[in-house]
Structures are given as C-alpha cells and as structure tokens.
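So the chains spell out like this:
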Amino acid sequence: MTCKLYSLLTLGLLLSTATFAMPKPSPAKSEQSGTAPSTKFYEVRIYHPTPGKYAEIVDRFRQYTTKIFEKHGMENIGYWTPTDTTNKELIYILAYPSREARDASWKAFGSDPEWKAVVAKTEANGKLVDHVDQIFMTESDISPKIKVGQKSPARTFELRTYTPTPGKLDNLLARFRDHTIKLFSKHGMTHIGYWITQEKDPNAQPKLVYILAHPSEAEGKAHFEEFRKDPKWVAVKEESEKNAGGSLTTKVESVYMVPTDYSPIK
C-alpha cells in the first residue's frame, strides 16, 4: 500500500513538473509581425472638388455617402483632409472582400435610387467633383492588423507613398520588415497600415503605400528627423543599398492629414 501511494505521488510530481516545463505557445498569427496579410481589396480615393465646392463634397460624405457605401457592402476605413488647407482634397480608403466585390458594389451604388436622389439634391447648383484619383491596393505582409477606432487626443496622419527602384520592391519590403518598422516605433510613430499597389499596367512597378499616426504634424516631422539621424538607421540604409547595388527608392511622397469628424479612424 505504501509503495503504491509513493508511486502515485511520484507520478503526480512528474506530471506537475512536465506541465510547468512545457514551452509557452507561440503568439497567434494576428499578433505576429510579417504574417499572412488580409485578403481584402483596398482602394484609396482622392476627390478633387469643383472650385468652391470643397466644403459641400466633404459634407455630402458626412450626411449621405458613407451610409450608402455601407449599404452596398463597402467598408469605410478612414476619411481625411490634408493639413495643407490650400490642398483642397478629400482622401479616403474603402475595403472590399475582393476586386470582384468592389466592382459589384460600385455598380449597385451607382444605380441606387437613393444615391441618385442625393446627387440631384446636392448638385442642383453644379457638380461637386472635378475628378477622382484611385489607387488599388492589397495588404502587405508587413502590415499590422488594420483597425478602425478613435484615439484621444486627436492624431495627425501621414500618407506615405514609396516608388521603388525597378526590381527593388522585395529589398524595400525586407528592409521595412527587418528594420524600418521597429525604428519607426522607437521614434514614436504609430503604424496604421501598409499596402502594395495593384497597378493597371501589368508592367508597371508596384508601390509601397502606408499610413502612420503622429501626435501632431510638427511632432511627426521631428520624429522623422530623429529617425533619419539614428545611427542604427544610417547603418541599415547604407548596408541595404550596398547589397542591392543602389538606392531602393526613386521617389518618396508624403501627405499629412487630419481625420474628418465621420472618419472611422481618428
């Protein structure tokens, strides 16, 4: 009896030790950096209003357009206006389950009697939109999970577009994956999303498009200055360009933006 009891106690101790010695499970995929991206299809749309109609187009989205988008299965991600008030644009991002779903949603939206009535009402004194620029995108594997939501205090956002040197997109993405994103975080920048453009011309070089959030435009610019002077970044940039045989980008564009009051991301 004593031997059996001793054996049971020993077995229990071994099992207990094994339980505590088990390795911790790895984080879920969504919490890891550089995991499989979302399969959603994204679209940046930049509205250039007819002269004098800037406030009216922004307000039409506030009162009507975003709701009708949702009705037709379009996901409102964010709506912004440039901090440079001489730049009269409305910039927004929509998400769809796929490119095919995007095309179907816009077709249904355009023929919706509710939308036609809104257009007739709001354009009684002339068209509100001069032209629209479109950028189609898919989520990059370096992107965090894209989340809508409001932060307090209000933030300033920065839309950055990188045109890679021909053939160097993979090198650029690797540098972001291995170094740049961590250094951005180190210098107080918040990652919103990273995308790869889907160019209409199949021979065109895809671009890297991403959005950062800053406490303000001034702080965003100050953080970038600190980033550029960081010895770690200087070394990474030099090494990556040496290995690739030259600069990884031919053009970098930046637009600072503030969210509209109806933007899902603020």
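No experiment lies behind these values; they were computed from the predicted model shown.

J.: Explain the overall build of the chain here, please?
T.: Across its full length, the chain carries 7 helices and 8 strands. A buried classification covers 42% of the 266 residues belonging to the chain. When contacts within the chain are restricted to residue pairs at least 6 apart in sequence, long-range pairs at least 24 apart make up 78% of them. Element-wise, carbon and sulfur atoms account for 57% of the exposed surface of the chain, whose accessible area totals about 14,900 Å².

J.: Would you mind showing me how to read the packing of aromatic side chains here?
T.: Where two aromatic rings form a pair, the distance of their centres and the angle of their planes describe that pair. Counting across every chain of the model gives 26 aromatic pairs. An angle of 50° between the planes, with centres 5.0 Å apart, marks the rings of Phe 69 and Phe 109 as tilted. Of this pair, Phe 69 sits in helix H2 (residues 54-71) while Phe 109 sits in helix H3 (residues 99-110), placing them 40 residues apart in sequence. Classification of Phe 109 by relative accessible area gives buried; the value is 3%. These aromatic residues form a ring-pair network of at least three members: Tyr 47, Phe 61, Phe 69, Tyr 79, Tyr 92, Trp 106, Phe 109, Trp 115 and Tyr 262.

J.: For this particular structure, what's the right way to read the pairing of strand E5 (residues 156-164)?
T.: Note on strand geometry: in a regular strand, side chains alternate between the two faces of the sheet. Counting buried positions along E5 gives 9 out of 9 residues, so the element sits mostly inside the fold. Burial along E5 is two-sided: Thr 156, Glu 158, Arg 160, Tyr 162 and Pro 164 and Phe 157, Leu 159, Thr 161 and Thr 163, pointing in opposite directions, are all buried. Inspection of the sheet shows E5 paired to strand E7 (residues 208-214) by 7 bridges, in the antiparallel sense. Among the inter-strand pairings, Tyr 162 is bridged to a residue of E7, identified as Leu 208.

J.: Honestly, the packing of helix H6 (residues 217-229) against helix H7 (residues 231-244) in this entry has me stumped. Any pointers?
T.: Two packed helices can be described by the angle between their axes and the distance between those axes. Two elements in contact, H6 and H7, have axes whose closest approach is 5 Å; the angle formed by their N-to-C orientations is 60°. Packed against H6, whose contacting residues are Phe 227, Arg 228 and Lys 229, the element H7 presents Pro 231, Trp 233 and Val 234 at the interface.

J.: Looking at this model, I keep getting lost on helix H5 (residues 169-186). Mind explaining?
T.: For H5, spanning 18 residues, the distance from its first C-alpha to its last is 24 Å, which sits close to the expected 26 Å at 1.5 Å a residue. The sharpest bend along H5 reaches about 50° and sits at Phe 176. Listed in full, the buried residues belonging to H5 are Leu 169, Leu 172, Leu 173, Arg 175, Phe 176, Thr 180, Ile 181, Leu 183 and Phe 184. Among the residues trailing H5, Gly 188 stands out with phi positive, at a value near 80°.

J.: Explain the nonpolar core to me, please; I cannot follow it from the model alone.
T.: For soluble globular proteins, nonpolar side chains are generally found buried alongside one another. Formed by 23 residues in total, the largest nonpolar core has its most connected members in Tyr 47, Phe 61, Phe 69, Tyr 92, Leu 94 and Trp 106. Broken down by secondary-structure element, the contributors of at least two residues to this core are strand E1 (41-49), H2, strand E3 (90-96), H3, helix H4 (113-122) and strand E4 (129-139). Element by element, the count of residues in this core is highest for H2, at 7 residues. Residue contacts for Phe 69: discarding those within four places in its chain leaves Phe 61, Met 74, Asn 76, Tyr 79, Tyr 92, Leu 94, Trp 106 and Phe 109. Counting 22 residues, the second largest nonpolar core, distinct from the first, contains Leu 172, Leu 212, Val 236 and Leu 248.

J.: What is the right way to look at the environment of Ser 111 in this model?
T.: On the secondary structure map, Ser 111 appears in the loop between H3 and H4. Reaching out from Ser 111, the side chain makes a polar contact with the backbone oxygen of Lys 107 at a distance of 3.1 Å. In this structure the side chain of Ser 111 is engaged in a polar contact, spanning 3.3 Å, whose partner is the backbone oxygen of Ala 108.

J.: Before we go on, may I ask you to explain the pattern of salt bridges in this structure?
T.: Once their charged atoms are close, side chains differing in charge can pair, the charge on each being opposite to the other. Under the counting rule described, the total for this entry stands at 18 salt bridges. We note a salt bridge from Asp 103 to Arg 102, for which the minimum N-O separation is 3.1 Å. The class for Arg 102 is buried, based on a relative accessible area of 10%. Glu 217 is the partner of Lys 221 in a salt bridge, and the nearest nitrogen-oxygen pair spans 3.0 Å. Of the two residues, Lys 221 and Glu 217 are both situated in helix H6; the distance of 4 residues between them amounts to about one turn of the helix. What makes Lys 221 partly exposed here is its relative accessible area of 44%. Connected through shared salt-bridge partners, Glu 43, Arg 45, Arg 99, Arg 102 and Asp 103 make up one network.

About the thresholds
- Residues numbered from 1 in each chain as written.
- Predicted model: local features only at pLDDT ≥ 70, side-chain atom pairs only at ≥ 80, totals over all residues.
- Heavy atoms only, no water.
- Helix = DSSP H or I, 4+ residues; strand = E, 2+ residues; numbered from the N terminus.
- Buried < 20%, exposed > 50% of the residue type's maximum accessible area, 1.4 Å probe, protein only.
- Contact = heavy atoms within 4.5 Å.
- Areas by Shrake-Rupley, 256 points an atom, 1.4 Å probe, with all protein chains shown as cover.
- Phe/Tyr/Trp six-rings, centres within 6.5 Å; stacked < 30°, edge-to-face > 60°.
- Pairing = 2+ DSSP bridges.
- Axes fitted to C-alpha atoms, helices over the stretch in contact; angles between N-to-C directions.
- Expected span 1.5 Å × (residues − 1).
- Bend = angle between axes of the 7 residues up to and from the residue.
- Core = buried A, V, L, I, M, F, W, Y, C linked by side-chain atoms within 4.5 Å.
- Polar contact = N/O pair within 3.5 Å; in protein donor to acceptor, adjacent residues only side chain to side chain.
- Salt bridge = Lys/Arg side-chain N within 4 Å of Asp/Glu carboxyl O.

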